[in-house]
Amino acid sequence: MNGATRFLPFTARLLTGGIFLMSGLSKIPAHAGITAAISSVGLPLAPLGFVIAFLVEIGLGLLLLVGYRTRAAALGLAIWCVVLAIFFHRNFADQNAMIHFLKNLMIAGGLLQVVYFGAGPVSLDNRAGR
């Protein structure tokens, strides 16, 4: 890659990982609402679901952002996006839910590109020779 394009994978990881970091951090003050939303779709153990959501979004989002174990982090987040789309955005009669469903699938598609192509030259994975 030449000088300008070598930063494109990093920029993509920054933008995508940033979404997950922001989402995870925004869950902290919204604990009650998030837990209620998890319960409302019929999932058991809503408090545990909240902790899992927080850890997945913060942990895997951060790994994606810095480019460490990037393929595994991207795969985990892609699966996460599809699962969230199915459980929380499946009411296609609601246009907003449909938009969020498609958004999650688009993010999953982009993450699968990262799974295939890797982190790129500006990443911890590249420094470690992965």
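Structure first, text after, so check above.
The present account deals with the structure reproduced in this document.

Rules and cut-offs
- The numbers attached to residues start from 1 for each chain and follow its sequence in the written order.
- Under the rules for a predicted model, residues below a pLDDT of 70 receive no local features and side-chain atom pairs below 80 are neither given nor counted, while totals for whole chains, interfaces and linings still include all residues.
- With hydrogens and water set aside, each side-chain value is computed from the structure's full complement of heavy atoms.
- Aromatic pairs are defined between Phe, Tyr and Trp rings, using the six-membered ring for Trp, whenever the two ring centres lie within 6.5 Å; interplanar angles under 30 degrees are classed as stacked, those over 60 as edge-to-face, and all others as tilted.
- Partly exposed describes any residue whose relative accessible area lies between the buried limit of under 20% and the exposed limit of over 50%, with all areas from a 1.4 Å probe on protein chains only and scaled to the type maximum.
- Placement of a charge over a ring requires the Lys NZ or Arg CZ to be within 6 Å of the ring centre, with the centre-to-atom vector within 35 degrees of the ring normal.
- Only one rule defines a salt bridge in this text: a Lys or Arg side-chain nitrogen within 4 Å of an Asp or Glu carboxyl oxygen.
- In this text, helices come from DSSP runs of H or I with a minimum length of four residues, and strands from runs of E with a minimum of two, each type numbered from the N-terminal end.

### Things to note about the packing of aromatic side chains
Describing an aromatic ring pair means giving the distance of the ring centres and the angle of the ring planes.
Inference 1: Evaluated as defined, the whole model comprises 2 aromatic pairs.
Inference 2: Ring geometry for Tyr 116 against Phe 117: centres 4.7 Å apart, planes inclined by 90 degrees, an arrangement best described as edge-to-face. Considered together, Tyr 116 and Phe 117 belong to a single accessibility category, that of exposed residues.
Inference 3: One residue, Arg 6, lies across the ring of Phe 7, its end atom 5.3 Å from the ring centre.

### Observations regarding the pattern of salt bridges
Inference 1: Tallied over the entire structure, the rule returns 1 salt bridge.
Inference 2: Of the charged contacts, one joins Glu 57 and Lys 27 as a salt bridge, the two residues approaching to 3.0 Å between their closest N and O atoms. Taken together, the residues Glu 57 in helix α3 (residues 46-66) and Lys 27 in the loop between α1 (8-26) and α2 (31-40) connect sequence positions 30 residues apart.
Inference 3: With a relative accessible area of 11%, Lys 27 lands in the buried category.

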